[in-house]
Amino acid sequence: MKDLGRLTDKFAGEVVRPSDPGYDAARVVWNGMIDRYPALIVRPTTTEDVSMAIRFARERELTLAVRCGGHSIPGFSTCDDGIVIDLSRMRGARVDPQARVARVGGGALLGELDDAAQQHGLVCPVGVVSHTGVGGLTLGGGMGRLQRRFGLTIDNLVAVDLVTASGQLVRASADEQPELFWGLRGAGANFGVATAFEFRLQRLEGSVTHGVVMHPAERAEDLAERYRELVVDGSDAVWASFGVGLALPAEDYPPELAGNPVTYVAVLHSGPADDAERDLTALRGLTGAAIDSIETKPYLTTQRLSDDATAWGHRFSMRSNFLNSLPDGVVSGWTERAAAIPRGASGGYSVWSCGGAMAAVRDEDTAFTGRDARFWASAEIQWDELELDDACRAWGRSALIEAQPYESEGRYVNDVAEVGRDLARTIYGDDKYERLRALKREWDPDNVFRLNQNIRP
Ligand SMILES: Cc1cc2nc3c(=O)[nH]c(=O)nc-3n(C[C@H](O)[C@H](O)[C@H](O)COP(=O)(O)OP(=O)(O)OC[C@H]3O[C@@H](n4cnc5c(N)ncnc54)[C@H](O)[C@@H]3O)c2cc1C
């Protein structure tokens with residue numbers, strides 16, 4: 001690339017060019033559907049490096065992608081012909097147990113934050129797969145198994161160090177650049193490169209009650225009824241996910257379920273074991289469960305249970321929305337659709353309980369939009385064969401039709417897999433979109449950070 005020397009002279013990090021042996025490994029992102037060829041991948045080690053990389057990209061009018069964990073479903077953290085700022089050399093999580101604060105690198109993965117916090121009996125509520133990036137997850141909101149008890153990840157965010165489009169380092173918090181801090185909590189990929197996050201930590205000693213009850217899909221409506229009883233007005237220590245899907249890979253399931261449509265509720269109870277026993281009695285009392293794996297286990301174990309099933313490289317698509325209610329008609333429609341997942345693919349539906357601490361923060365207090373929902377629902381599909389692309393995408397497109405009449409306001413930006421001009425408006429609603437636009441004009445008027453659900457300046 002022309003003038004590359006101007007960057008490499010002072011840049012302390014790593015630079016990977018298309019001719020370098022590590023290039024193919026460096027350009028890969030989590031979703032196997034995404035296959036792009038950047039002109040340059042840079043791995044900064046300091047905020048000065050980040051600033052240099054932004055200036056370099058701007059001077060050459062190169063498309064700029066920013067990568068933390070690389071899990072963006074539509075592939076926002078890579079590009080063709082542009083430059084990728086890969087933050088994987090700016091990882092790490094340091095905990096101050098007295099202050100109950102964690103300082104986390106802009107390229108860190110969730111597992112690093114979980115491990116560092118749990119060493120002190122502390123936790124920051126984050127997502128459910130440990131190889132997801134703290135960066136993308138936090139800047140979009142951060143949903144997970146502790147959201148009803150401790151809120152979203154952004155509800156525990158104290159400050160962000162951000163290198164802006166002009167290459168300057170700013171700190172955003174409730175007291176410093178508060179409007180920017182508002183926008184970073186839900187639309188954060190639009191405003192700069194976050195080089196560090198500070199999180200307030202909550203107390204959570206090592207053990208939780210966690211597991212799954214699973215039944216053949218014919219019992220989906222009965223199980224949904226128990227699920228609603230458990231989560232609507234239930235304890236905030238309970239997070240639960242209701243699902244319908246295929247029991248795949250078949251070898252992981254008992255013969256009566258293997259490969260067939262199933263229904264399940266996964267729970268995490270973060271209160272004392274006796275409370276968990278009491279709160280989960282009705283759910284576990286539905287007769288005929290083929291699997292009941294609910295037991296006490298370390299919180300950190302639960303945070304890694306889905307890591308292998310969601311490993312890098314599979315082809316993946318999803319749709320999600322927030323719901324006011326989960327009527328039986330929706331559940332029965334999903335049961336039929338789950339049975340129609342193309343052969344060779346795996347997937348299904350999952351519904352997460354919202355409310356509690358997530359709803360205790362006013363919707364207007366952060367850019368994240370959707371706090372008033374009772375449920376978050378998603379349809380996810382994963383496959384490996386290129387030939388299945390059309391069939392799998394077609395399944396995904398219509399997967400949530402039955403739920404449309406029950407949708408509530410907002411969408412979760414981090415799992416909007418579609419790309420298109422006006423999507424951000426539907427994610428945040430008109431009022432917030434205009435507020436975000438004013439912020440974008442102030443901090444990134446040239447739309448340098450546009451590989452995201454874009455707020456157009
Ligand atoms: C397997 C899997 C499990 C998931 N589980 C959950 C879950 O439990 N809860 C949940 O809420 N979400 C979950 N998600 C969605 C996840 O939050 C988003 O995919 C998120 O964008 C991933 O962040 P990342 O850093 O890994 O991704 P990247 O692809 O690296 O980044 C995603 C976006 O954020 C921007 N970005 C990332 N880091 C920075 C930074 N430091 N500064 C500025 N911009 C940055 C990127 O430019 C890009 O636009 C999951 C996704 C996957 C694939």
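Starting from 1, residues in each chain are numbered consecutively following that chain's sequence as written. It should be noted that, the model being predicted, local features are given only for residues of pLDDT at least 70 and side-chain atom pairs only at 80 or more, the latter also being counted only at that level, while totals for whole chains, interfaces and linings use all residues. Excluded from the side-chain calculation are hydrogens and water; included are all heavy atoms of the structure.

1. Considerations on helix α15 (residues 423-443)
Right, so step 1: Taking 1.5 Å of rise per residue, 21 residues should cover 30 Å, yet α15 covers just 21 Å from first to last C-alpha, more than 12% shy of that figure.
Right, so step 2: Along α15, the sharpest kink reaches roughly 115°, centred on Gly-429.
Right, so step 3: Burial classification: accessible surface area is computed with a 1.4 Å probe over protein chains only, and a residue below 20% of its type maximum counts as buried, one above 50% as exposed, and the rest as partly exposed. Helix and strand labels come from DSSP, where a helix needs a run of H or I of at least four residues and a strand needs a run of E of at least two; each type is numbered from the N terminus. Of all the residues in α15, the buried ones are Leu-423, Ala-424, Ile-427, Tyr-428, Gly-429, Lys-432, Tyr-433, Leu-436, Leu-439, Lys-440 and Trp-443.
Right, so step 4: Contacts: residue pairs with any heavy atoms within 4.5 Å of one another. Along its buried surface, α15 packs onto β9 (169-173) and α7 (178-187). Expected span, for any helix, means 1.5 Å times one less than how many residues it has. The angle between axes fitted to the seven residues ending at a residue and the seven residues starting there is what we call the bend at that residue.

2. Some details on the packing of aromatic side chains
Right, so step 1: Only rings of Phe, Tyr and Trp enter the pairing, Trp through its six-membered ring, and a pair is recorded when the two centres are within 6.5 Å. The plane angle decides the type: under 30 degrees is stacked, over 60 is edge-to-face, the rest tilted. Applying the stated rule across the entire model yields ten aromatic pairs.
Right, so step 2: Considering the side-chain rings of Phe-368 and Tyr-412, the 5.7 Å spacing of their centres and the 55° angle between planes classify their relative orientation as tilted. Taken together, the residues span a long stretch of sequence, with Phe-368 in the loop between α13 (357-360) and β19 (375-383) and Tyr-412 in the loop between α14 (389-398) and α15 at a distance of 44 residues. Tyr-412 carries the same exposure label as Phe-368, and that label is buried.
Right, so step 3: In textbook terms, an aromatic cluster arises when at least three aromatic residues are bridged by ring pairs, as seen for Tyr-227, Phe-242 and Phe-375.
Right, so step 4: By the criterion adopted, a ring carries a charge over it if an Arg CZ or a Lys NZ lies within 6 Å of its centre and within 35 degrees of its normal. Positioned above the aromatic ring of Trp-182, the side-chain terminus of Arg-435 is 3.7 Å from the ring centre.

3. A closer look at the pattern of salt bridges
Right, so step 1: Salt bridge, as used here, is a side-chain nitrogen of Lys or Arg placed within 4 Å of a carboxyl oxygen of Asp or Glu. Summed over all chains, the structure comprises 34 salt bridges.
Right, so step 2: Among the salt bridges present, the one from Asp-363 reaches Lys-432, with a minimum N-O distance of 2.9 Å. Taken together, the positions of Asp-363 in the loop between α13 and β19 and Lys-432 in helix α15 put the pair 69 residues apart, joining distant regions of the chain.
Right, so step 3: Given the relative accessible area of 11%, Asp-363 is considered buried.
Right, so step 4: For Lys-432, a relative accessible area of 10% gives the class buried.
Right, so step 5: In the salt-bridge network here, residues are joined through shared partners; they are Glu-14, Arg-43, Arg-67, Asp-86 and Arg-89.

4. Remarks on the site of the ligand
Right, so step 1: The cutoff for a nearby residue is simple: one of its non-hydrogen atoms must lie within 4 Å of the molecule or strand. The environment of the ligand is formed by 32 residues, the closest being Val-66, Cys-68, Ser-77, Met-143 and Tyr-412.
Right, so step 2: Polar contacts, as counted here, are pairs of nitrogen or oxygen atoms within 3.5 Å of one another; within protein the pair requires one atom able to donate a hydrogen and one able to accept it, and residues that are adjacent in sequence qualify only if both atoms are side-chain atoms. Within the backbone of Gly-136, a nitrogen or oxygen atom sits 3.0 Å from an oxygen atom of the ligand.
Right, so step 3: Here an oxygen atom of the ligand and a side-chain polar atom of Asn-414 are 3.1 Å apart.
Right, so step 4: Surface accessibility follows the Shrake-Rupley procedure with a 1.4 Å probe radius. Residue values consider only the protein chains on display as shielding. Burial of the ligand by the protein amounts to 93% of the accessible area it has alone, namely 940 Å².
Right, so step 5: Secondary structure elements with two or more residues in the shell around the ligand: β3 (64-67), α5 (134-140) and β10 (193-200).
Right, so step 6: Here the shell around the ligand takes four residues from α5, the largest share from any one element.

5. Details of the state of the cysteines
Right, so step 1: By definition, disulfides here are pairs of cysteine sulfur atoms that lie within 2.5 Å. Tallying each qualifying case throughout the model produces zero disulfides.
Right, so step 2: Cysteine Cys-68 is unpaired, with the sulfur of Cys-124 as its nearest cysteine sulfur at 13 Å.

6. Brief notes about the nonpolar core
Right, so step 1: Core analysis: the largest hydrophobic core is formed by 64 residues, its most contacted members being Met-143 and Phe-191.
Right, so step 2: Here the element with the most residues in this core is α15; it accounts for eight residues.
Right, so step 3: Listed in part, the 39 residues of the second largest apolar core include Ala-240, Phe-242, Leu-283 and Leu-323. In this description, a nonpolar core means a group of buried Ala, Val, Leu, Ile, Met, Phe, Trp, Tyr and Cys residues linked to one another through side-chain atoms lying within 4.5 Å.

7. Overview of the sheet that holds strand β4 (residues 83-86)
Right, so step 1: A pair of strands counts as paired when DSSP detects no fewer than two bridges linking them. Across the sheet, which stays open at both edges, the four strands sit in the order β1-β2-β4-β3 with mixed pairing between neighbours. Among the strands making up the open sheet, the edge pair consists of β1 (14-16) and β3. The mean angle between the axes of side-by-side strands here comes to 20°, regardless of whether they run parallel or antiparallel.
Right, so step 2: Examined bridge by bridge, β1 and strand β2 (residues 40-43) share three bridges and lie antiparallel to one another. Bridge assignment links Val-16 to a residue of β2, and that residue is Ile-41. Axes, fitted as lines to C-alpha atoms, cover a helix only where it is in contact. Angles between the N-to-C directions of the axes lie from 0 to 180 degrees.

8. Quick word on the side chain of Arg-145
Right, so step 1: Counting through the fold element by element, Arg-145 comes out in the loop between α5 and α6 (147-150).
Right, so step 2: A distance of 3.1 Å separates the side chain of Arg-145 from the backbone oxygen of Thr-302, its partner in a polar contact.
Right, so step 3: In this structure the side chain of Arg-145 is engaged in a polar contact, spanning 2.9 Å, whose partner is the side chain of Gln-303.

9. Digging into the packing of α7 against α15
Right, so step 1: Two elements in contact, α7 and α15, have axes whose closest approach is 10 Å; the angle formed by their N-to-C orientations is 120°. One finds that α7 runs oblique with respect to α15. Here the hand of the crossing between α7 and α15 comes out left-handed. Contact with α7, carried on its side by Glu-179, Leu-180, Trp-182, Gly-183, Gly-186 and Ala-187, involves Tyr-428, Lys-432, Arg-435, Leu-436, Leu-439 and Trp-443 of α15 and no other residues of that element.
Right, so step 2: Class assignment of the residues belonging to the contact of α7 with α15 gives a composition of seven nonpolar, two polar and three charged. An angle below 35 degrees is treated as roughly parallel, one above 145 as roughly antiparallel, one from 65 to 115 as roughly perpendicular, and anything else as oblique. Two helices cross in a left-handed way if the nearer one is turned anticlockwise from the farther one by less than a right angle. They cross in a right-handed way if the turn is clockwise. Under the convention adopted here, Pro, Cys and the residues Ala, Val, Leu, Ile, Met, Phe, Trp and Tyr are nonpolar, Asp, Glu, Lys and Arg are charged, and Gly plus all remaining residues are polar.

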